[in-house]
Amino acid sequence: MRNLILSAALVTASLFGVTAQAAEPLEAGKTYVELSSAVPVAVPGKIEVVELFWYGCPHCYAFEPTINPWVEKLPADVNFVRIPAMFGGIWNVHGQLFITLEAMGVEHKVHKAVFEAIHNGEKLATPEEMAEFLAAEGVDKDKFLSTYNSFAVKGKVEDAKKKAQAYQITGVPTMVVNGKYRFDLGTAGGPEGALSVADQLIAKERAAK
């Protein structure tokens, strides 16, 4: 928990004016961390960009208007993946919510609504609360509940936990490029800085092919 608080403090500092670093050359160990063991990517042959997040994280919520337009413009050789961070408690509950929506193929339709609901005071702390909320967004309540409790979703939850552990994350939002390079908004110099770092690491991986 101490590491999570420290990470949040770093992100808060970056959001309020620490932006110059993004223009500087990337520096391993400072701007980003190179993982000792590369984590396999979801789509071999494509450069993967992962965002680890939590629906309850205010910095993840604030990052949405910056990262979403960037994701929409990514080239065809880049695969963007969101992975929910699960540090226990409500983190795990919301992580399973995200994975359920992905499994149902409706995440792209309701992701923004879920984020906004939670940051406007909705707890969405139980499957039943989620199902009621999502029904108003056009998601079948019974199908959601059965999917949420399915063996397939529980398996994907465990996979997501293992991925986060392999990335060695201590807070969110955190980004990982091609299973090799990890950085956050604090080290990158804010939201725009993080995307600049991602772009440079994508270029680095593309050149290495």
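In this text the structure is predicted, and so the values were computed from the model without any measurement.

Here is what the cut-offs are and how they apply
All chains use their own residue numbering, which begins from 1 and follows the written sequence. Given that this is a predicted model, residues contribute local features only at a pLDDT of at least 70 and side-chain atom pairs are listed and counted only at 80 or more, while totals for whole chains, interfaces and linings are drawn from all residues. Hydrogens and waters are ignored; side-chain quantities use all the structure's heavy atoms. As used here, the term nonpolar core means buried Ala, Val, Leu, Ile, Met, Phe, Trp, Tyr and Cys residues forming a set that is joined through side-chain atoms within 4.5 Å. For every residue, the accessible area obtained with a 1.4 Å probe (protein chains only) is divided by the maximum for its type, and the residue is called buried under 20%, exposed over 50%, and partly exposed between those limits. By definition, any uninterrupted DSSP run of H or I lasting at least four residues is a helix, any uninterrupted run of E lasting at least two residues is a strand, and each is numbered from the N terminus. We call two residues in contact when some of their heavy atoms are within 4.5 Å. Any two of the Phe, Tyr and Trp rings considered here, Trp counted by its six-membered ring, make a pair once their centres fall within 6.5 Å; the pair's planes then place it as stacked at under 30 degrees, edge-to-face at over 60, or tilted in between. Note on geometry: axes are lines fitted to C-alpha atoms, helical ones only across the stretch in contact, with angles between N-to-C directions running from 0 to 180 degrees. Note that the term roughly parallel is reserved for angles under 35 degrees, roughly antiparallel for angles over 145, roughly perpendicular for angles of 65 to 115, and oblique for everything else. Helix crossings are classified by the rotation of the near helix relative to the far one: an anticlockwise turn of less than a right angle makes the crossing left-handed, while a clockwise turn makes it right-handed. The arc in question is traced by the directions running from the helix axis to the C-beta atoms. Pairs of N or O atoms within 3.5 Å make up the polar contacts considered here, provided that, within protein, one atom can donate a hydrogen while the other can accept it, and that residues adjacent in sequence are counted only when both atoms are side-chain atoms. Disulfides are defined as pairs of cysteine sulfur atoms found within 2.5 Å of each other.

> Whenever I open this one, the nonpolar core confuses me. Can you help?
Side chains of nonpolar character tend, in soluble globular proteins, to be buried together. Within the largest apolar cluster, 43 residues are counted, with the highest numbers of intra-cluster contacts made by Val 114, Leu 134 and Phe 144. If you list the elements that add at least two residues to this core, you get β2 (47–53), β3 (78–84), α3 (90–104), α4 (107–119), α5 (127–135), α6 (141–148) and α7 (151–167). Not counting chain neighbours up to four residues away, the residues in contact with Val 114 comprise Tyr 55, Leu 97, Leu 101, Leu 124, Phe 133 and Leu 134.

> Is there a simple way to think about the environment of Ser 36 in this case?
Within the fold, Ser 36 resides in the loop between β1 (33–34) and β2. Residue classification places Ser 36 among the exposed residues on the basis of a relative accessible area of 71%. On a C-alpha basis, the gap between Ser 36 and Tyr 167 in space is 9.7 Å, while along the polypeptide they are 131 residues apart.

> Honestly, unusual backbone geometry in this entry has me stumped. Any pointers?
Most peptide bonds take the trans form, and the phi angle of most residues other than glycine is negative. Cis geometry is adopted by the peptide bond preceding Pro 173, which originates at Val 172 and carries an omega value of -5°. Counting through the fold element by element, Pro 173 comes out in the loop between α7 and β4 (174–177). Phi at Leu 124 is positive, roughly 45°, even though this residue is not glycine. Mapping Leu 124 onto the fold places it in the loop between α4 and α5.

> Can you help me understand the packing of aromatic side chains in this one?
Between two aromatic rings, the relevant description is the distance of the centres plus the angle of the planes. Under the criterion given, the structure shown has ten aromatic pairs. Seen from their ring centres, Tyr 61 and Phe 115 are 5.7 Å apart, and the 35° between their planes marks the pair as tilted. Highlighted residues: Tyr 61 in helix α2 (residues 58–72) and Phe 115 in helix α4, separated in sequence by 54 residues. In this structure Phe 115 comes out as buried when scored by relative accessible area, which is 2%. Pairing Phe 87 with Trp 91 gives two aromatic rings, centres 5.0 Å apart and planes at 85°, and the pair type is edge-to-face. By relative accessible area, Phe 87 is classed as partly exposed at 36%. Take Trp 91: its relative accessible area is 15%, and that puts it in the buried class. Chaining the aromatic ring pairs together yields one cluster made of Phe 53, Tyr 55, Tyr 61, Phe 98 and Phe 115.

> Honestly, the packing of α2 against helix α9 (residues 191–208) in this entry has me stumped. Any pointers?
Packed helices, taken two at a time, are described by the angle between their axes plus the distance between the axes. Running from N to C, α2 and α9 point in directions that differ by 30°, and their axes come no closer than 9 Å. Our classification of the angle between α2 and α9 gives roughly parallel. Like other packed secondary-structure pairs, α2 and α9 cross with a definite hand, here right-handed. Note on element contacts: α9 touches α2 through Pro 191, Glu 192, Ala 194, Leu 195, Ala 198, Asp 199 and Ile 202, opposite Phe 63, Thr 66, Ile 67 and Trp 70.

> Looking at this model, I keep getting lost on α6. Mind explaining?
Because each turn of an α-helix spans 3.6 residues, side chains separated by three or four positions end up pointing in the same direction. When we look at burial in α6, the residues that qualify are Phe 144, Thr 147 and Tyr 148. Projected onto a plane normal to the axis of α6, the buried residues spread over an arc of 100° and lie on a single side. Looking at the buried residues of α6, the elements they touch are α3, α5 and α7. The backbone nitrogen of Asp 142 has a side-chain oxygen 3.3 Å away, supplied by the residue at the start of α6, namely Asp 140.

> I keep staring at the state of the cysteines and nothing clicks. Help me out?
Disulfide: a covalent bond connecting the sulfur atoms of a pair of cysteines. In this structure the tally under the stated criterion is zero disulfides. In this structure Cys 57 is a free cysteine whose sulfur lies 3.0 Å from that of Cys 60, the closest cysteine sulfur available. Looking at Cys 57, the relative accessible area reads 4%, which means it is buried.

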